[in-house]
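# Examining the three-dimensional arrangement
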Amino acid sequence: LTKNRPVDNMIAKLNVSCYLQRHGCDWVGHRREYNEHTMTCKFREIKCEYCETSVREVNLTLHHEVCGLFIVTCSRNCGWNGTRDAYSDHDSTCPLLPVICPDCEPNMELQC
(Lines give C-alpha, C1' and ligand atoms only; values in the text may rest on other atoms or scores of the structure.)
Protein backbone atom coordinates (compact mmCIF):
# COMPACT_ATOMS: atom_id res chain seq x y z
CA LEU A 1 0.00 0.00 0.00
CA THR A 2 1.18 3.50 -0.73
CA LYS A 3 0.41 6.53 1.36
CA ASN A 4 -1.98 9.07 -0.03
CA ARG A 5 -0.52 12.34 1.29
CA PRO A 6 -3.51 14.54 0.39
CA VAL A 7 -5.87 12.19 2.26
CA ASP A 8 -3.44 11.91 5.21
CA ASN A 9 -3.29 15.72 5.41
CA MET A 10 -7.10 15.97 5.32
CA ILE A 11 -7.39 13.42 8.16
CA ALA A 12 -4.74 15.24 10.21
CA LYS A 13 -6.79 18.44 9.96
CA LEU A 14 -10.07 16.87 11.10
CA ASN A 15 -11.37 18.24 14.40
CA VAL A 16 -11.71 15.69 17.18
CA SER A 17 -12.71 15.87 20.84
CA CYS A 18 -10.77 14.49 23.78
CA TYR A 19 -11.78 11.00 24.87
CA LEU A 20 -12.08 12.42 28.42
CA GLN A 21 -14.88 14.80 27.41
CA ARG A 22 -17.32 12.89 29.65
CA HIS A 23 -15.07 13.77 32.61
CA GLY A 24 -15.07 17.49 31.80
CA CYS A 25 -12.40 18.06 29.15
CA ASP A 26 -13.61 20.51 26.53
CA TRP A 27 -10.57 20.25 24.23
CA VAL A 28 -11.30 20.13 20.50
CA GLY A 29 -8.42 20.19 18.05
CA HIS A 30 -6.89 18.74 14.95
CA ARG A 31 -6.36 14.99 14.81
CA ARG A 32 -2.60 15.53 14.48
CA GLU A 33 -2.61 17.30 17.92
CA TYR A 34 -4.72 14.63 19.64
CA ASN A 35 -1.90 12.40 20.92
CA GLU A 36 0.00 15.34 22.40
CA HIS A 37 -3.16 16.58 24.12
CA THR A 38 -4.01 13.20 25.68
CA MET A 39 -0.51 13.05 27.21
CA THR A 40 -1.09 16.35 29.04
CA CYS A 41 -4.88 16.46 29.50
CA LYS A 42 -5.69 17.61 33.04
CA PHE A 43 -8.57 15.11 33.14
CA ARG A 44 -6.31 12.06 32.66
CA GLU A 45 -5.74 9.73 35.58
CA ILE A 46 -2.44 10.03 37.40
CA LYS A 47 -1.12 8.45 40.60
CA CYS A 48 -0.84 10.48 43.79
CA GLU A 49 2.88 10.71 44.51
CA TYR A 50 2.25 10.01 48.20
CA CYS A 51 -0.30 7.17 48.34
CA GLU A 52 -0.36 5.89 44.73
CA THR A 53 -4.17 6.36 44.48
CA SER A 54 -5.40 7.03 40.94
CA VAL A 55 -6.96 10.49 40.64
CA ARG A 56 -7.71 12.84 37.78
CA GLU A 57 -4.97 15.45 37.57
CA VAL A 58 -7.58 18.21 37.87
CA ASN A 59 -8.56 16.77 41.29
CA LEU A 60 -5.04 16.21 42.65
CA THR A 61 -5.04 19.31 44.89
CA LEU A 62 -8.38 18.25 46.43
CA HIS A 63 -7.03 14.74 46.94
CA HIS A 64 -3.93 16.11 48.72
CA GLU A 65 -6.25 17.82 51.21
CA VAL A 66 -7.45 14.39 52.43
CA CYS A 67 -4.54 12.10 51.51
CA GLY A 68 -3.30 10.40 54.68
CA LEU A 69 0.25 10.11 53.35
CA PHE A 70 0.52 13.76 52.23
CA ILE A 71 3.29 15.57 54.13
CA VAL A 72 2.05 18.34 56.43
CA THR A 73 3.74 20.64 58.92
CA CYS A 74 2.67 21.46 62.45
CA SER A 75 0.27 24.41 62.59
CA ARG A 76 2.10 25.66 65.69
CA ASN A 77 5.38 25.99 63.76
CA CYS A 78 7.32 23.67 66.06
CA GLY A 79 9.23 22.28 63.09
CA TRP A 80 7.47 18.90 62.92
CA ASN A 81 6.78 17.45 59.46
CA GLY A 82 5.00 14.18 58.84
CA THR A 83 2.07 12.48 57.18
CA ARG A 84 -1.46 13.76 57.64
CA ASP A 85 -2.29 10.40 59.29
CA ALA A 86 0.44 10.96 61.91
CA TYR A 87 -0.52 14.56 62.62
CA SER A 88 -3.20 13.82 65.22
CA ASP A 89 -0.65 11.92 67.33
CA HIS A 90 1.80 14.80 67.05
CA ASP A 91 -0.90 17.39 67.72
CA SER A 92 -1.58 15.93 71.17
CA THR A 93 2.12 15.86 72.11
CA CYS A 94 3.45 18.97 70.32
CA PRO A 95 5.97 20.82 72.50
CA LEU A 96 4.19 24.08 71.62
CA LEU A 97 0.78 22.78 72.70
CA PRO A 98 -0.83 25.38 74.98
CA VAL A 99 -1.46 24.06 78.48
CA ILE A 100 -3.75 25.33 81.24
CA CYS A 101 -1.76 26.74 84.14
CA PRO A 102 -3.19 25.38 87.41
CA ASP A 103 -1.98 28.44 89.37
CA CYS A 104 -3.39 31.11 87.04
CA GLU A 105 -6.79 32.20 85.89
CA PRO A 106 -8.98 29.23 84.86
CA ASN A 107 -8.93 30.03 81.14
CA MET A 108 -5.33 31.26 80.81
CA GLU A 109 -3.14 29.23 78.46
CA LEU A 110 0.63 28.97 78.68
CA GLN A 111 3.22 27.68 76.28
CA CYS A 112 5.84 25.80 78.27
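What counts, and at which threshold
- Residues numbered from 1 in each chain as written.
- Predicted model: local features only at pLDDT ≥ 70, side-chain atom pairs only at ≥ 80, totals over all residues.
- Heavy atoms only, no water.
- Buried < 20%, exposed > 50% of the residue type's maximum accessible area, 1.4 Å probe, protein only.
- Helix = DSSP H or I, 4+ residues; strand = E, 2+ residues; numbered from the N terminus.
- Arc of directions from axis to C-beta.
- Contact = heavy atoms within 4.5 Å.
- Patch = residues over 30% accessible without salt bridge, like charges linked within 9 Å, V, L, I, M, F, W, Y side chains within 5 Å.
- Areas by Shrake-Rupley, 256 points an atom, 1.4 Å probe, with all protein chains shown as cover.
- Salt bridge = Lys/Arg side-chain N within 4 Å of Asp/Glu carboxyl O.

Among all positions in helix 2 (residues 31-40), only Y34, H37 and T38 are buried. Here the buried residues of helix 2 occupy an arc of 95° about the axis, which is enough to place them on one side. Turned more than 90 degrees away from the buried face of helix 2 sit R32, E36, M39 and T40, all of them exposed. Elements that come into contact with the buried residues of helix 2 comprise strand 1 (15-17) and strand 2 (28-30).

On the surface, V7, I11 and L14 cluster together into a nonpolar patch covering about 250 Å² of accessible area. For V7, the location among the structural elements is in helix 1 (residues 5-12). A relative accessible area of 38% places V7 in the partly exposed class.

Within the structure shown, the criterion is met by 3 salt bridges. Of the charged contacts in the structure, one is a salt bridge between E45 and R56, with a shortest N-O distance of 3.8 Å. Note that E45 is positioned in strand 3 (residues 45-47) and R56 in strand 4 (residues 54-56), a separation of 11 residues in sequence. The residue D91 makes a salt bridge to R76 at a minimum N-O spacing of 2.7 Å. Note that D91 is positioned in helix 4 (residues 84-93) and R76 in the loop between strand 5 (71-73) and strand 6 (81-83), a separation of 15 residues in sequence.

Geometric values such as these leave the question of function open.
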